[in-house]
Amino acid sequence: MAGRVSGKTALITGGAGGLGRSMAWMLAREGARVAITDVDGEAARALAAEIDAEIKGAAFGFDHDVTDEDQWADVVARAAAAMGGLSVLVNNAGVGGDLVFVEGDTAANWDRQYQINLRSVMFGCKHAMHYLRDAAPASIVNISSIAALAAGPGMGAYNATKAGVWMYTKTIALEAARNEWNVRCNSVHPVFIKTPILDPFVDKAGGDEAVAHQKLARGIPLKRIGEPDDVAYCVLYLASDESKFVTGSEFKIDGGMTAQ
């Protein structure tokens, strides 16, 4: 039986762990070939080998610093060559930062988050676009955050960069639509998800993960935090042709948080 993304070829940045790992497995199990890129290239190749052991020829791993434009051009070309084209780009790589208020904020904090969270998305769209156009119908999925839509104090750089991803997504969606490229572009906005990005909250709770997660869930109507697959299922839908009339939209994976 064909999967939901059978025949698709996807590149996932920051793909070796957390959300990226779930996305890679889900897309592969639904029929796609996946290029897993990560600044930890060894981990990317290890995950690709795991997937390939279950689904022969489905996964490839690459070293990739998303802040380096030259690496973007090289990785996209090599991934497309390995997979026989590129029809899905998932800009997933991202970082958080320490809770820091305006008078104690630094240029270094802003520069790091800007380069990884936002500028890398531009590099990805820029260097992948002609491959995506050649493989159309194609899809770009940009992983933003609920922090783009509901600001929190002490998170200026994170809020701003993730909001930038949200608006940049709409720009690319409109450019592609008006040029009739048949390349869709949408953003995904998760709230707290059980990934290593929550480790600082666990540390503040004395290493007690259950306590940390319970505290984080207090502001979420469903009273729990999310699982990586909750985000991966949304990416699967956006990568598939099921979403062929969806572009320039934002998808909230937030347990009802922004409905309040």
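Residues numbered from 1 in each chain as written. Predicted model: local features only at pLDDT ≥ 70, side-chain atom pairs only at ≥ 80, totals over all residues. Heavy atoms only, no water.

**Focus: the packing of helix 4 (residues 107–134) against helix 5 (residues 156–178)**
- Following both chains from N to C, one finds helix 4 and helix 5 inclined at 15°, their axes separated by 8 Å at the closest point. Of the possible angle classes, the one that applies to helix 4 and helix 5 is roughly parallel. Between helix 4 and helix 5 lies a crossing whose hand is right-handed. Counted together, Asn109, Trp110, Gln113, Tyr114, Asn117, Leu118, Val121, Met122, Cys125 and Met129 of helix 4 and Gly156, Ala157, Tyr158, Ala160, Thr161, Lys162, Gly164, Val165, Tyr168 and Ile172 of helix 5 form the full contact between these two elements. (Axes fitted to C-alpha atoms, helices over the stretch in contact; angles between N-to-C directions. Helix = DSSP H or I, 4+ residues; strand = E, 2+ residues; numbered from the N terminus. Parallel < 35°, antiparallel > 145°, perpendicular 65-115°, else oblique. Left-handed = near helix turned anticlockwise from the far one by under 90°. Contact = heavy atoms within 4.5 Å.)

**Thoughts on the pattern of salt bridges**
- Summed over the entire model, instances satisfying the criterion amount to 10 salt bridges.
- A salt bridge links Lys126 to Glu69, with the shortest nitrogen-to-oxygen separation between them at 2.7 Å. Of this pair, Lys126 sits in helix 4 while Glu69 is found in helix 3 (residues 69–83), placing the two residues 57 residues apart along the sequence.
- For Asp74, the salt bridge identified is with Arg78, shortest N-O distance 3.1 Å. With Asp74 and Arg78 both in helix 3 and four residues apart, the pair spans about one turn of that helix. (Salt bridge = Lys/Arg side-chain N within 4 Å of Asp/Glu carboxyl O.)

**Let's talk about the packing of helix 1 (residues 18–29) against helix 8 (residues 228–239)**
- Remark: helix 1 packs on helix 8, axes separated minimally by 8 Å, with the N-to-C direction vectors making an angle of 50°. In terms of orientation, helix 1 and helix 8 fall into the oblique class. Along this stretch, helix 1 crosses helix 8, giving a crossing that reads as right-handed. Residues Gly18, Leu19, Ser22, Met23, Met26 and Leu27 of helix 1 pack against Pro228, Asp229, Val231, Ala232, Tyr233, Val235, Leu236 and Ala239 of helix 8.
- Across the contact of helix 1 with helix 8, the residue classes break down as 11 nonpolar, two polar and one charged. (Nonpolar A, V, L, I, M, F, W, Y, C, P; charged D, E, K, R; others polar.)

**Some words on the pairing of strand 1 (residues 9–13)**
- Across the five residues of strand 1, five count as buried, placing the element largely inside the fold.
- What you see with strand 1 is no split at all: Thr9, Leu11 and Thr13 on one side and Ala10 and Ile12 on the other are buried throughout.
- When strand 1 meets strand 2 (residues 33–38), the two strands line up parallel, connected through five bridges. Among the inter-strand pairings, Thr13 is bridged to a residue of strand 2, identified as Thr37. (Buried < 20%, exposed > 50% of the residue type's maximum accessible area, 1.4 Å probe, protein only. Pairing = 2+ DSSP bridges.)

**Comments concerning the side chain of Ser22**
- Locating Ser22 in the fold gives a position in helix 1.
- Here Ser22 falls in the buried class, since its relative accessible area comes to 15%.
- For Ser22, the contacting residues outside a window of four places in its chain are Pro228, Asp229 and Ala232.

**Regarding a negative patch on the surface**
- On the surface, Asp199, Asp203, Asp208 and Glu209 cluster together to form a negatively charged patch.
- Note on placement: Asp208 falls in the loop between helix 6 (199–204) and helix 7 (209–216). (Patch = residues over 30% accessible without salt bridge, like charges linked within 9 Å, V, L, I, M, F, W, Y side chains within 5 Å. Areas by Shrake-Rupley, 256 points an atom, 1.4 Å probe, with all protein chains shown as cover. Lys, Arg positive; Asp, Glu negative; His and termini not counted. Charge placed at Lys NZ, Arg CZ, Asp CG, Glu CD.)

**A look at unusual backbone geometry**
- A cis geometry characterises the amide bond from Ala136 onward to Pro137, with omega recorded as 5°.
- Positionally, Pro137 belongs in the loop between helix 4 and strand 5 (138–143).
- Positive phi, normally seen in glycine, also occurs at Asn182, with a value near 60°.
- Looking at where Asn182 falls in the secondary structure, it is placed in the loop between helix 5 and strand 6 (183–190).

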